[in-house]
Amino acid sequence: MNVVVVGSGIAGLTAALRAHEAGHRVTLATKGVLGDGCTGLAQGGVAGIYGPGDSAAQHAADTMDAGAGLSDPAAVRVLVTEGAERIAELIARGVAFDRTTDGALELGREAAHQHARIVHAGGDATGAAISAALIAAVGKTSIAVVERALLTDLLLTSGAARGVRLLIDGTSTELAAEAVILATGGAGHLYAHTTNPDGATGDGIAVALRAGAAVADLEFVQFHPTVLAAGPAFLISEAVRGEGATLIDDDGRRFTFDSHPDGELAPRDVVSRAIARQAAAQGAPVRLDATGLGAAALSRRFPTIDRVTRERGFDWSREPIPVTPAAHYLMGGVVTDLDGRTTVPGLFAVGEVARTGVHGANRLASNSLLEGAVFGARAAAALTTDRFVPLRSLNDRGAAGSVPCPVVERGAQRRDETHPAFTRAALQQLMWDEVGLLRTGTGLAHALETVRAWAAAAPAPTGVAEHEDANLLLLAEVTADAALRRTTSVGAHHRVDAPEARTTTTTRPRTAILETV
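Predicted model, so just to flag it, every value in this text is computed and none were measured.

Undergrad: Explanation requested: the overall build of the chain in the structure shown.
TA: Tallying secondary structure elements over the chain gives 14 helices and 18 strands in all. Against the compact-globule benchmark of 24 Å for 517 residues, the chain has a radius of gyration of 22 Å, which places it among compact chains. Seen through its principal axes, the chain has C-alpha atoms that stretch 60 × 55 × 45 Å. Out of the 517 residues belonging to the chain, those deemed buried represent 57%. The long-range fraction of contacts in the chain, counting pairs at least 24 apart against all pairs at least 6 apart in sequence, stands at 74%. Accessible surface, the chain as shown: approximately 18,700 Å² in total, 52% of it carbon and sulfur. Distance between charge centroids for the chain: 3 Å, based on 46 positive and 57 negative side chains.

Undergrad: Is there a simple way to explain the pattern of salt bridges in this structure?
TA: Between side chains of opposite charge, pairing is possible as soon as their charged atoms come close. Going through the model one piece at a time under the given rule, you end up with 34 salt bridges. Linking Glu89 and Arg18 is a salt bridge whose minimum nitrogen-to-oxygen distance equals 2.7 Å. Taken together, the residues Glu89 in helix α3 (residues 73-92) and Arg18 in helix α1 (residues 10-21) connect sequence positions 71 residues apart. A relative accessible area of 17% means that Glu89 is categorised as buried. The partner of Arg452 in a salt bridge is Glu477, with the nearest N and O atoms 3.0 Å apart.

Undergrad: Can you help me understand the packing of aromatic side chains in this one?
TA: The description of an aromatic ring pair rests on the distance of the ring centres and on the angle between the ring planes. Applying the stated rule across the entire model yields 4 aromatic pairs. Here the aromatic cluster, defined as three or more aromatic residues joined through ring pairs, consists of Tyr191, Phe223 and Trp432. Above the ring of Tyr329, the side-chain terminus of Arg363 is found at 4.3 Å from the ring centroid.

Undergrad: Would you explain the side chain of His467 in this entry?
TA: Here His467 lies in helix α13 (residues 464-485). The residues contacting His467, other than those within four sequence positions of it, are Leu150, Thr152, Leu167, Pro461 and Thr462.

Undergrad: For this particular structure, what's the right way to read the environment of Ala179?
TA: Residue position: Ala179 is located in strand β10 (residues 179-182). Taking C-alpha positions, Ala179 is 38 Å from Pro225, a pair spaced 46 residues apart along the chain. Those residues in contact with Ala179, other than ones at most four positions away along the chain, are Met1, Asn2, Val3, Val4, Gly346, Phe348 and Leu383.

Undergrad: What is the right way to read helix α10 (residues 368-381) from this model?
TA: Its 14 residues place the ends of α10 20 Å apart at the C-alpha level, agreeing with the 20 Å of an ideal helix rising 1.5 Å per residue. Within α10, 12 of the 14 residues are buried, which leaves it mostly tucked inside the rest of the structure. The complete set of buried residues in α10 reads Leu369, Leu370, Glu371, Gly372, Ala373, Val374, Phe375, Gly376, Ala377, Arg378, Ala379 and Ala380.

Undergrad: Would you take a moment to explain the sheet that holds strand β4 (residues 107-108) for this structure?
TA: Strands in a sheet are paired, the pairing made by backbone hydrogen bonds, and the direction either parallel or antiparallel. The strand order across the open sheet formed by 3 strands is β3-β5-β4, and the pairing between neighbours is antiparallel. Bordering the open sheet on either side are β3 (46-47) and β4, each of which pairs with just one other strand. Two elements, β4 and strand β5 (residues 118-119), share 2 bridges in a ladder whose sense is antiparallel. Across the sheet, the residue bridging to Gly108 is Ile118, located in β5.

Undergrad: Sorry, what's going on with the pairing of strand β8 (residues 160-168) here?
TA: Remark: a regular strand shows side chains that alternate across the two faces of the sheet. In the sheet, strand β7 (residues 149-157) pairs with β8 via 7 bridges, with the strands oriented antiparallel. Looking at β8, one finds that Leu154 is bridged to Val164. Relative to strand β9 (residues 171-176), β8 runs antiparallel, the two sharing 6 bridges. Among the inter-strand pairings, Arg165 is bridged to a residue of β9, identified as Glu174. Here β8 folds back onto β9, and the loop between the two strands holds 2 residues, one of which, Asp169, carries a positive phi near 50°.

Undergrad: Explanation requested: the packing of α1 against helix α4 (residues 126-139) in the structure shown.
TA: For any two helices packed against each other, one specifies the inter-axial angle together with the distance between the axes. Their axes nearest at 10 Å, the elements α1 and α4 cross at an angle of 25°. As judged from the angle between their axes, α1 and α4 are roughly parallel. In this structure, α1 meets α4 at a crossing whose hand is left-handed. Residues Ile10, Leu13, Thr14 and Leu17 of α1 touch α4, and the partners they reach there are Ile130, Ser131, Leu134, Ile135, Ala137 and Val138. Counted by class, the contact of α1 with α4 contains 8 nonpolar, 2 polar and no charged residues.

Undergrad: Is there a simple way to think about the environment of Ser158 in this case?
TA: Topologically, Ser158 is positioned in the loop between β7 and β8. The class of Ser158 is exposed, set by a relative accessible area of 82%. Each C-alpha atom, one on Ser158 and one on Pro345, is 9.6 Å from the other, the two residues being 187 residues apart in sequence.

Undergrad: It is not clear to me how the packing of helix α2 (residues 56-66) against α3 should be interpreted in this structure. Could you clarify?
TA: Between α2 and α3, whose axes approach to 9 Å, the crossing angle comes to 135°. In terms of their interaxial angle, α2 and α3 are classed as oblique. Between α2 and α3 the crossing geometry is right-handed. Between α2, through Ala56, His59, Ala60, Thr63 and Met64, and α3, the contact on the second element is made entirely by Pro73, Val76 and Val80. Among the residues forming the contact of α2 with α3, the class breakdown is 6 nonpolar, 2 polar and no charged.

Conventions adopted
- Residues numbered from 1 in each chain as written.
- Predicted model: local features only at pLDDT ≥ 70, side-chain atom pairs only at ≥ 80, totals over all residues.
- Heavy atoms only, no water.
- Helix = DSSP H or I, 4+ residues; strand = E, 2+ residues; numbered from the N terminus.
- Rg over C-alpha atoms; globule rule 2.2 N^0.38 Å.
- Buried < 20%, exposed > 50% of the residue type's maximum accessible area, 1.4 Å probe, protein only.
- Contact = heavy atoms within 4.5 Å.
- Areas by Shrake-Rupley, 256 points an atom, 1.4 Å probe, with all protein chains shown as cover.
- Lys, Arg positive; Asp, Glu negative; His and termini not counted.
- Charge placed at Lys NZ, Arg CZ, Asp CG, Glu CD.
- Salt bridge = Lys/Arg side-chain N within 4 Å of Asp/Glu carboxyl O.
- Phe/Tyr/Trp six-rings, centres within 6.5 Å; stacked < 30°, edge-to-face > 60°.
- Lys NZ or Arg CZ within 6 Å of the ring centre and 35° of its normal.
- Expected span 1.5 Å × (residues − 1).
- Pairing = 2+ DSSP bridges.
- Axes fitted to C-alpha atoms, helices over the stretch in contact; angles between N-to-C directions.
- Parallel < 35°, antiparallel > 145°, perpendicular 65-115°, else oblique.
- Left-handed = near helix turned anticlockwise from the far one by under 90°.
- Nonpolar A, V, L, I, M, F, W, Y, C, P; charged D, E, K, R; others polar.

In structure tokens:
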């Protein structure tokens, strides 16, 4: 079978390698060059190795708890039971995860995990190590690699995906295939502040939407709590807090306990909102205090963070550093079953572009690399069958669930002069202000109206930037619409006009979660 994989993070590289090893003819297309994207930037690690007192059932429970009860139990069960095998596969492909002096895998702990179960490499360079190993593995195969190729459309035959249209050096190029695997990542550049690289403009989700694929949960956007609030966005790993660093206000008080009994190790959505509120109240960023860990431990465990913070003028072994939330991860995406199949025959989606049901309303730290490895492998194994099996959770979402692609007549409507002129920066600021950490019905409605006006007046895209803008406008519209229709607060979707609703969300009892694994 001819297979095109679009995207070269852990999900796309895993899918491409597994498909090649299964005897398929694989072409791997990537927007930048191999190694670009979010995987190579990942610091924390991969969850899934269980030490004494820990288990897959406990990992499942933590995943469900972080997801505010909206994670799909079947998808979570797949994630946690197949994770160790995928980590072993990464090791076999050459990923040198950090080990203790006795040779065992060194396990870290991050927020909302009840146990240390996260393997890491190079201290805080896990993603780079994984990316390098998988790229090296691809280089030893006959997989055809096409770089600097922007996905613009799916080729459809009788409603089935039969290839892709790519923009390469300004030229539109078509690649025919019997199956397409999307692994294009998320859409962090919907927002003014993001940890994502420049290429994260939602291309795969937008293309799938235009092809008629179902999407869901786009209102659930995760904002990482701790990004260095000095210079370009640079993530300070969750693992730093897992090792004992604390968040303090201007008075040196650990304010996150006001919001959750787990304080700094509460789920990301809770910590991010607590930081945003405290920063607004004091008129300055809050600070991450890692001084108690000591200079030697910081440089050994977090060499990349140690280097960057020092380059920006901070000695974090001696002084707390300013941090702020930034858009980090999209829990929603193209709806898939447990094998990556979408509602469009012949089209698969894996990694952040997909909505597998694993993350629910809020992703548990270090489950993203794991999801890419697990479901990338499953999609490759399912290439010869094409029967979409919907996940149960879409039938009981507490909101509209999957959404159709809006129909936008390009150029058919003059821009309403009450709206500002469209620029990507204006869109990103609008999304940050109105569809960000703290939302209101009025703000969401304003954002939706503005985005629709911009989209209606936008010309047909030609170059890369125009295609990216069109994709961001489409994603902004469906995201704002989904957030407006979900009138209760849950997980990463927080409505200030319904702040108490999160506590009334139905969450499955922990004992019931444990029984599913």
